[in-house]
Amino acid sequence: MKINNYIISFALGLAVSGTLASCSDLDEKFYNPDKITEADFSLLFASAQTQGHLFRYDYGATYHYMRGFGKMLGLGVSPLYIDRSQNNSIQRPWDGWSGTPFNEFIFTQTNTAYSKDINGMKLLYNTMSDEEKSENLVYMRCCDIIQCYAYQRSTDLYDDIPYSEAGGAFQEKFYPKYDTQEEIYTSIMERLKVAAEELAAYQFSSDIAKSKFSSVDLLCNGNLDKWIRMANSLRLRMAMRLCHVKPEVSISTIKELVAENRMLTEYSHDIGFEEQDKTHAFELTFFRGIDERGYECGAPATIIHDIMNYEYQEGDENGINRHDFDPRLYAMFQPDIHNRYIGLPLTFEEADTELSKYYTAQEISDMFLFNDMSSNPWESTRVPSMYNRRTYFNFDMQFPVMGSTETNLLLAEASVRWPDQFGNINAKECIKKAIDASTRFYYNVNKTMSYNESSLPSVLYVQEKAKAPELDESHLADYEELAATKFMNLPTLQEKLKFIFDQKFCHMNIMNPYEIYNEARRLVKDFNGELPFVSTPNIVFQERMFYPSSELTNNPDNFAKVAHKNKYDVPVWWTGRTTAAENHNGNALN
């Protein structure tokens, strides 16, 4: 057994080095065969949660998705791209300096970084006694949820991927097969169900064991109820994604989940991941990515006007007293140079007609050419409204992983998509709860922001005007009722699906572009082949991510079986489509 453990520990040494302990500590823990203990097992569990761009986003990937992928989704507006004179040619988001590394990143990260610690834990688990296995079951079932979360995102982006044999080098499976998306969905949904059931039945053997688990549970702080709810909400997400290809599975799964009633349905259930290394939070993570891509962080009119229902009225710059618009406006966006919330349009036509209502010709020119800044796109001299720097640069933020806003919107969709099956779901209440939780999240992040140019780490260009007022509870209550009533009175299913999608778009925005992308592609069939959002002009819509080019040489036989799908205009399986959606916004695409 000692020799066995020594081999495993040697193989795993690299996987955990530099993550949570000093080099000397790791030498003692991982190269001494007598030191393979539960503590080391739990260390791998902690490491599995801290991998970059899993529960909180990395600098590089964020930088690249803001440059291309986010523009395709219309999540933020760069003034340059609504200027006809500068944006006059077709752009393909999978090409160029950002396109290639971004398209390959999630595939590679899922099969390596997101798998290595968990695969190592499985090896150690298999060497344990029955008693040890029973004690450590909690780690394995939580790891199942982590791995399912990662592979759900990956298969949604790429379709067929290595799954059942991924990361199988320890079992001498160096050339993993590509499982179909249908097979992967079936497996993940079953794994999540089993994980939730076994965690629900699990009991810690002692307070010490419970405390030890809590100390390395960075995601849920030892709260097994949250892990169970996360697994169930993830099943709900995946069940709804099957609505066009396996509606019977969608309905039966959702019925089961609704009957059990243990999902992330309340604001208190929301799960977020707080960056552990505050010293390097800015330089290594999401924050630096959107700092350097502030060019694309203009506030979209599609959110401010179309979704939040806000329209500027003269005098609003001095204070707004009405309650007919979404109060998230103050926490999600910061006002323009004149202290107004003016969303930037996403079409050339609206840019031509709308901007001149609010800005001088010189201000418009300065916006388009970025002459309103000297070195950083977040400077106070910038003309347009932008995403709120005080909110999106709070290093103490619980970076949203999964929560009640998405869960309630999915439940609302189930009630309107299959009204004869889910009459027991109160769709109006679901809409209210979704908006309520989202609003409280953004206000809390804005309010608790304590970083500035003098703090450690520091952040520049946080303006006083970015500070949201105290949340007006009466405003929130009035708007929730207004929005939910509007939703209930919409006459068609398509309009209700669009409302639900818009709320996801608003809530997730630049902090979860992947789920917006997934949901948009799912809804194309409901929208008669059209996209449910406005994309940036002249950018081609891609139906899937491209596989890494290295697969052609590293895994040629298996890759050959899926190579015919590796095209931007081939929809993934669960869309139920063979025809690609197209972006019709712009003059270079026609």
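Keep in mind it's a predicted model, so treat the numbers as computed, not measured.

Visitor: Break down the packing of aromatic side chains for me, with residues and values.
Guide: Evaluation of the coordinates by the stated rule reveals 53 aromatic pairs. Taking the centre distance of 6.3 Å and the plane angle of 35 degrees together, the rings of Phe 55 and Phe 273 count as tilted. Taken together, the residues span a long stretch of sequence, with Phe 55 in the loop between helix H3 (38–49) and helix H4 (59–73) and Phe 273 in strand E3 (residues 271–274) at a distance of 218 residues. A relative accessible area of 2% means that Phe 273 is categorised as buried. Taking the ring centre of Tyr 59 as reference, the NZ or CZ of Arg 288 above it sits at 4.0 Å. Taking NZ or CZ as reference, Arg 521 lies 4.0 Å from the ring centre of Tyr 517, over its face.

Visitor: Could you give me a rundown of the nonpolar core, with the residues and numbers involved?
Guide: Soluble globular proteins: nonpolar side chains tend toward being buried together. Grouped together as the largest cluster of nonpolar side chains are 176 residues, with contacts concentrated most on Phe 45, Trp 227, Met 230, Phe 286, Phe 333 and Tyr 392. It is helix H7 (residues 130–158) that provides the largest number of residues to this core, a total of 14 residues. Sequence-distant contacts of Phe 286, that is, excluding residues within four places in its chain, are made with Tyr 57, Asp 58, Tyr 59, Thr 62, Tyr 65, Tyr 392, Phe 399, Ile 510 and Met 511.

Visitor: Lay out the environment of Thr 553 with the relevant residues and their values.
Guide: Inspection of the secondary structure assignment puts Thr 553 in helix H24 (residues 551–554). Considering only alpha carbons, one finds Thr 553 and Asn 408, 145 residues apart in sequence, at a separation of 44 Å.

Visitor: Help me get a handle on helix H6 (residues 113–126), residues and values and all.
Guide: Between its first and last C-alpha, H6 extends 21 Å over 14 residues, near the 20 Å set by a 1.5 Å rise per residue. Burial runs high along H6: 11 of the 14 residues are buried. Inspection of H6 places Ala 113, Tyr 114, Ser 115, Asp 117, Ile 118, Asn 119, Gly 120, Met 121, Leu 123, Leu 124 and Tyr 125 among the buried residues, and these make up the whole buried set.

About the cut-offs
Residues numbered from 1 in each chain as written. Predicted model: local features only at pLDDT ≥ 70, side-chain atom pairs only at ≥ 80, totals over all residues. Heavy atoms only, no water. Phe/Tyr/Trp six-rings, centres within 6.5 Å; stacked < 30°, edge-to-face > 60°. Helix = DSSP H or I, 4+ residues; strand = E, 2+ residues; numbered from the N terminus. Buried < 20%, exposed > 50% of the residue type's maximum accessible area, 1.4 Å probe, protein only. Lys NZ or Arg CZ within 6 Å of the ring centre and 35° of its normal. Core = buried A, V, L, I, M, F, W, Y, C linked by side-chain atoms within 4.5 Å. Contact = heavy atoms within 4.5 Å. Expected span 1.5 Å × (residues − 1).

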